[in-house]
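In case you want the letters, here they are:
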Amino acid sequence: MRHTLIALMEDKPGVLNRVSSLFRRRNYNIESLTVGHSETPGISRMTIVVNGDDRIVQQVARQLSKLINVTQVVDVSDKPAVIRELALIKVRAGHGARSEIMELANVFRAKVVDVGKTSLTVEITGTEEKVDSLIGLLQPFGIEELARTGRVAMVRGGNGGQAANLQP
Amino acid sequence: MRLTGAQAVWESLVREGVTTVFGISGGAVIHLYHALPDYPIHHVLMRHEQAAAHAADGYARATGRVGVCMATSGPGATNLVTGLATAYMDSSPVVAITGQVPTPIIGTDAFQEVDITGITLPITKHNYLVTDIEELPTVIKEAFYIARTGRPGPVLVDIAKDVQAAAIEYVYPDTVNLPGYRLPQEDISSPIQRAAQMLNEAQRPLIIAGHGVILAGAEDDLLALVEKANVPVATTLLGIGAIPETHPLCLGMAGMHGEAYTNQALSEADLIIALGSRFDDRLTGPPSQFVRQARLIHVDVDPAEIDKNVAVNLAVVGDLKDVLPALVPLVEEKDHTAWLARIQEWRNESAQRDILAQETDELLPQYVVRQIWHATQGNVIVVSDVGQNQMWEAQYFIHHRRRGLISSGGLGTMGFALPAAIGVQMALPHEQVWVTVGDGGFQMNIQELATVVQEKLPLKIAILNNGYLGMVRQWQQLFFEGRYSGTPLLGPDFARVAEAYGIAGLTVREKSQVVPAIAQALATDGPFLIDFRIVQEENVYPMVAPGAPVHHMIRRPVPANDVLKEDRT
C-alpha cells in the first residue's frame, strides 16, 4: 500500500543525502520524494511516498526520526489531506492536434504554458490520478518530455500551523 | 580566551573529561598534534587507524565513557571505517576526529582528500564536517552528547585543516540545541503495567538480556527483577555479563552457538522479555520461525528497533535504567518450580555431552579457555576476537563480572581483540586483561604488539591457533562438502614474533603444558603471549544450521560407546 509521510528537517548541507542514503541502505521502496522550504526559516519539508505494509512504513518513519537533522515525521496516509502533484508535459502538436490538446487541457483545468512550432507544453496540478489520466489522453499525440514533481501533501483544516496539523 | 581551532578541539576534549586519545598523526591533523602537548591528554600512538578506532571502542565498552580516536584525512580516515562500523553495530560511544583538506580545496580531489562524512554516513550515529571555526566548539559538544546519550554510537567530526589553524574567541557551550534529537520521553507507565501483568500470568517466562542492559548500567535492576519473579535469563553474546554467569537463573548465551538447553528454553517459553536486545539474526534464526509459541515483550531505548526484526506483542520504549525499577514493584514473586526443573533437566543433559566431560589428551580450545578462567577465577576482563575462538570463549569462560567480556558482536570484526584490549587496558590499568584470539584474527592487527610494548601494557594474549580461518572451515566441513577453499592459513611462529617486539612468549603443543603456561603468564609482570596449537579441526558445538529455527541444533557427534540418546531435534 502507498503511504504518504511528511518529514520536517533542518535545512543544512548534506541532509537530503542523509535521507536518501537511509532509504537506499535499508532497501526501502520509495516512489517519490519532494523537498522544499516550509513556513519556518531553516526547516525544509519533505513529502515521501513509500510503498509497503504498515510495518515497513513504520520502520521508515522511525528510522527517519532517528536522523539527528530530522525534527518531525508524520504518516498522513490516514488523515484527510490535500494531495497534489505538478507536471509539465511537452506534447507533439502538429496543425490538426493543437486545438484538441488545448481542449483536453481545459477539461483538466491544465494550462498551456508554452507553444512551440511543433509542440505544446501543458502544466497540470492535481492528484497523481488526475495527472495520470491527462498523460494517458495525451500519449496518442506523442509526449516528447515529461517532468513530474512527485506528491506534496498537507493535512486539511486546523489552525495552529504545522505543529498542530502534524500531531502524530 | 583566544584559541586556534586545534587548541579549541583539545580544550573541548578536556572539558568533556577525555584523558586518553588513540590516533595516528598526519598532514591534515598536524595543527592538532602541534597543540596536543599543551593539554593533559595522553595520546596513544597506534600502528593503524583501524586499531585506533577499536581501541577507542574498547575503552568505551570497558568504562561506559566516550572513547576518542583521531586520524588524518584520506587513508587515515578510511582506515577508521571498519572500527566505526564495529562501534556502530554494537552501540558503542565513540567520537572520531579526522582532519580534512583545507576548505578552499575541498571537492577538488586534493592530495589525501576523501569524503569521510559521506563514507561514514551509514555507520555513524551522526557526523559533521566543520568548515567554519565558529561552529567548532558547538560541534564537539554535540558530538559527545549524541555519542553517549540514548542508544550510544560513534560520531565522526571531520575538521578542515584551515579551521584547525584559524583563531576563535573560545566559548564552550553548556547545553546543546538539537531539535531533531529526542530521547524517549513518553509516559510508559501503561506498557510497563501491561508487561508486569504478562509476566505475572506467564507459566514459562524467560528473559533475553542484551547489550542494552550493560549500556544502561541496569545490571542490578535486572537482578532484582530476575530474583523476584524467578525468571531464567538467557543472554546474547554482548549481553554476557549483564547477569553473573554463576547465578543459578543465568542460562548463558542463546542463539546460533548458544547452549542447547538455552535454546530449548527459548523455544518452550510462553513469554519472552527481550531487554536491550535487537533480535539479531544470530540469536533468532529466521524471524518467521522464532519462538512462535511465545508472547514477546521488547524493551529498548531505540524506537526503531521495535518490530524491526521480529514483531512483538508489547513494546516498552525507554531506558532500562528507568523501565526496570518501575517494573520490579509490579511483578509478583513466583517460584516457577516446574519450569525451572524442566530447564535443569536439559541442562544436565548438556553437561553430560560437554566435551570437557570426555577424557582426552588432545589440546582442545575449550580446555584452554576453561583453564584461563580457572587460573584467574574469572576476575579479569576478556577481549575476544571473532570466529570459533569467540564462541569457545563465550561458552567456556564463566563471566561473573560486569563488562567482563568485550567482543565485536554485530559486525563480527576479525582483528578487533588486540587493539580493543589496548583501549581496555589504557582505561583500566589495574585490571588484568586477557586477549583470546585465533591465528587468523591476530594476524589482522598483529602490528599493535608494538603499541602494547610502547605503552607498557601487561596484556595476556592467548592465541587459539588451528592454522585455519576456523569458523569458515567449520561451515565448509558441515555444509560445503568439506572443500577447504581459502581457509588453510599460514602463520608465523607467534612466540618469536612476540619476542621480536619485546614480549615474552611461549608455544604450547601439549595439553599438559596449558596450566603451567597460563601460570607463567600470570607470574609475568608485563605482557605475555601464548600460542596454543589446538586441535586443528575442532568445531564449535552446538550449532544452529543456517536457516533453521533455534532449537534445531547440530549437536556434537556422540561417540559410539556413549549412552546418550539421539538428538531430540
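Description of the interface of chain A and chain B
Phase 1: Listed as interface residues are 17 residues of chain A and, on the opposing side, 22 residues of chain B.
Phase 2: Taken together, both faces of the contact between chain A and chain B bury some 1,600 Å²; the carbon and sulfur share is 49%.
Phase 3: Taken as a group, A:R18, A:R55 and A:I68 account for 40% of the area that chain A buries against chain B, more than any other trio of residues on that side.
Phase 4: On the surface where chain A and chain B come into contact, there are one salt bridge.
Phase 5: Among the ionic pairs, B:D302 bridges to A:K66, the shortest N-O distance being 2.5 Å.
Phase 6: Where chain A touches chain B, the interface holds seven residue pairs in polar contact (both at pLDDT 80 or more).

Focus: the side chain of B:H54
All names here are of chain B.
Phase 1: Mapped onto the secondary structure, H54 falls in helix 3 (residues 49-63).
Phase 2: Overall, H54 belongs to the buried group, its relative accessible area being 0%.
Phase 3: Setting aside residues no more than four positions away along its own chain, H54 makes contact with T82, G83, T86, T413, G415, F416, P419, A420 and N445.

Considering the nonpolar core
Residue and element names in this part refer to chain B.
Phase 1: With 51 residues, the main nonpolar core has F22, M46, V383, F442, L459 and I461 as its most contacted residues.
Phase 2: Considering each element in turn, this core owes the most residues, eight residues, to helix 18 (residues 417-427).
Phase 3: Residues from two domains meet in this core; each of domain 1 (2-169) and domain 3 (365-537) gives at least three.
Phase 4: Among the nonpolar cores identified, the runner-up in size contains 41 residues, and L3, A6, W10 and V155 belong to it.

A word on a negative patch on the surface
Phase 1: Side chains of A:D53, A:D54, A:D75 and A:D78 sit close together on the surface and give a patch of like negative charge.
Phase 2: According to the relative accessible area criterion, A:D54 is exposed, its value standing at 55%.

Focus: the domain arrangement of chain A
Residue and element names in this part refer to chain A.
Phase 1: Segmentation of chain A into domains returns domain 1 (2-75) and domain 2 (82-152).
Phase 2: Taken together, the contact pairs seven residues of domain 1 with seven residues of domain 2.
Phase 3: The contact between domain 1 and domain 2 buries some 490 Å² in all, and 48% of this surface belongs to carbon and sulfur atoms.
Phase 4: Among the ionic pairs, R2 bridges to E128, the shortest N-O distance being 3.7 Å.
Phase 5: Where domain 1 touches domain 2, the interface holds three residue pairs in polar contact (both at pLDDT 80 or more).

Side note on the domain arrangement of chain B
Residue and element names in this part refer to chain B.
Phase 1: Each assigned domain of chain B is listed here: domain 1 (2-169), domain 2 (189-346) and domain 3 (365-537).
Phase 2: The C-alpha centroid of domain 3 is placed 30 Å from the C-alpha centroid of domain 2.
Phase 3: Of the residues lining the interface, 17 residues belong to domain 2; the matching set on domain 3 comes to 18 residues.
Phase 4: Approximately 1,500 Å² of surface area, both sides summed, lies buried where domain 2 meets domain 3, with 60% of it carried by carbon and sulfur atoms.

Examining the sheet that holds strand 18 (residues 460-465) of chain B
Residues and elements named next belong to chain B.
Phase 1: On the basis of which strands lie adjacent, the open sheet formed by six strands has the order 16-15-17-18-20-19 and parallel pairing. Taken across any chain shown, the strands that pair with only one partner, and hence form the sheet edges, are strand 16 (405-406) and strand 19 (504-508).
Phase 2: Bridging between strand 19 and strand 20 (residues 528-533) involves five bridges; their strand directions are parallel. When the sheet's bridge partners are listed, V508 is paired in strand 20 with F532.
Phase 3: Together, strand 18, strand 19 and strand 20 form the strand contacts of helix 22 (residues 494-501), whose direction differs from that of strand 20 by roughly 165°.

Parameters at a glance
Residues numbered from 1 in each chain as written. Chains lettered and ligands numbered in written order. Predicted model: local features only at pLDDT ≥ 70, side-chain atom pairs only at ≥ 80, totals over all residues. Heavy atoms only, no water. Contact = heavy atoms within 4.5 Å. Buried area = accessible area lost by both parts, 1.4 Å probe. Salt bridge = Lys/Arg side-chain N within 4 Å of Asp/Glu carboxyl O. Polar contact = N/O pair within 3.5 Å; in protein donor to acceptor, adjacent residues only side chain to side chain. Helix = DSSP H or I, 4+ residues; strand = E, 2+ residues; numbered from the N terminus. Buried < 20%, exposed > 50% of the residue type's maximum accessible area, 1.4 Å probe, protein only. Core = buried A, V, L, I, M, F, W, Y, C linked by side-chain atoms within 4.5 Å. Domains from an automatic or database assignment. Patch = residues over 30% accessible without salt bridge, like charges linked within 9 Å, V, L, I, M, F, W, Y side chains within 5 Å. Areas by Shrake-Rupley, 256 points an atom, 1.4 Å probe, with all protein chains shown as cover. Lys, Arg positive; Asp, Glu negative; His and termini not counted. Charge placed at Lys NZ, Arg CZ, Asp CG, Glu CD. Pairing = 2+ DSSP bridges. Axes fitted to C-alpha atoms, helices over the stretch in contact; angles between N-to-C directions.

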